[in-house]
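Working through the structure, step by step
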Amino acid sequence: MAAILVFCGSAKGQNPAFEEAARALGKYIGEHGHSLITGGGAVGLMGVVSDAAMEFGAHVTGIIPEFLQDREVGHSELQDLIVVEDMHKRKALMYEKCDLSIVLPGGVGTLDECFEFLCWQRLRLHNKPLGVVNVEGLYDGLAQLMNSMLSAGFVGKKGDMEFYIEKDVNSLAKYLKI
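Let us look at the structure shown here.

What counts, and at which threshold
Residues numbered from 1 in each chain as written. Predicted model: local features only at pLDDT ≥ 70, side-chain atom pairs only at ≥ 80, totals over all residues. Heavy atoms only, no water. Salt bridge = Lys/Arg side-chain N within 4 Å of Asp/Glu carboxyl O. Buried < 20%, exposed > 50% of the residue type's maximum accessible area, 1.4 Å probe, protein only. Helix = DSSP H or I, 4+ residues; strand = E, 2+ residues; numbered from the N terminus. Axes fitted to C-alpha atoms, helices over the stretch in contact; angles between N-to-C directions. Parallel < 35°, antiparallel > 145°, perpendicular 65-115°, else oblique. Left-handed = near helix turned anticlockwise from the far one by under 90°. Contact = heavy atoms within 4.5 Å. Nonpolar A, V, L, I, M, F, W, Y, C, P; charged D, E, K, R; others polar. Polar contact = N/O pair within 3.5 Å; in protein donor to acceptor, adjacent residues only side chain to side chain. 1 Å grid on protein atoms, 1.4 Å probe; cavity = no way out; pocket = protein on both sides within 12 Å on 5 of 7 lines; lining within 4 Å. Points joined across faces, edges and corners; volume = space filled by probe spheres on them.

A short note on the pattern of salt bridges
Applying the stated rule across the entire model yields eight salt bridges. For the salt bridge of K12 with E19, the shortest nitrogen-to-oxygen distance reads 3.6 Å. Residue classification places K12 among the partly exposed residues on the basis of a relative accessible area of 39%. Here E19 falls in the partly exposed class, since its relative accessible area comes to 32%. Between E55 and R23 there is a salt bridge, with its nearest N and O atoms 3.0 Å apart. Taken together, the positions of E55 in helix α2 (residues 44–55) and R23 in helix α1 (residues 16–31) put the pair 32 residues apart, joining distant regions of the chain. Among the charged side chains, a salt-bridge network with shared partners connects K91, D112 and E116.

Right under this line is the structure:
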């Protein structure tokens, strides 16, 4: 069993495929006996993945800063909802509690969490893999950027990081060993 940290939007986005991917990931987590760690919101894709994971038997822990309790509607149905002082404490606790991380569609907050997690991996502060679910090509630009930075010599050499971009969770599962 793995504790899977999921970064995703506090909105659902405009493409129904984003919500379908969040639901599929939550279902996968629950059906495979894993637990879920999220940002603790009940709204957007964060709420969708949490609800699906619980529906399929997963234990869900949300970690939310006090100032986002109202904005992201702290998910009161989660088995554990941890309220922290600020975003820095939120991210540090999320990273500490997880075994790996998966990125679903989201905005700048999702990318912030993704890149900080990846940066800490690159600095060897942890050795936890990171997978990105590239729903309908949303993260094609990210894949291109990472490849450009790799070619330019800014992120080490291929294989230095456990960072994977795939079209769905089933494709990611073999790389993440879940």
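With respect to the packing of helix α3 (residues 87–97) against helix α4 (residues 108–122)
It is the contact of α3 with α4, at a shortest axis distance of 11 Å, that shows an interaxial angle of 55°. The pairing of α3 with α4 is recorded here as oblique in orientation. As for how α3 packs across α4, the hand of that crossing is right-handed. Facing R90, K91, A92, M94 and Y95 of α3, the residues of α4 in contact are D112, E113, E116, F117 and W120. Broken down by class, the residue content of the contact of α3 with α4 amounts to five nonpolar, no polar and five charged.

Observations concerning helix α6 (residues 169–176)
Side chains that are three or four residues apart share a direction in an α-helix, a result of its 3.6 residues per turn. Residues of α6 that are buried include every one of V169, S171, L172, A173 and L176, and no others. The inward-facing, buried residues of α6 contact α1, β5 (100–103), β6 (130–133) and β7 (163–166). Of the residues flanking the start of α6, the one acting as N-cap is D168, its side-chain oxygen 3.2 Å from the backbone nitrogen of N170. K177, located one to two residues past α6, shows a positive phi value of around 60°.

Structural notes on the layout of surface pockets
The space that makes up the largest pocket amounts to roughly 390 Å³. Residue lining of the largest pocket: 14 residues in total, with N147, L150, K158, F163 and Y164 positioned closest to the centre. When grouped by side-chain class, the residues that make up the lining of the largest pocket number eight nonpolar, two polar and four charged.

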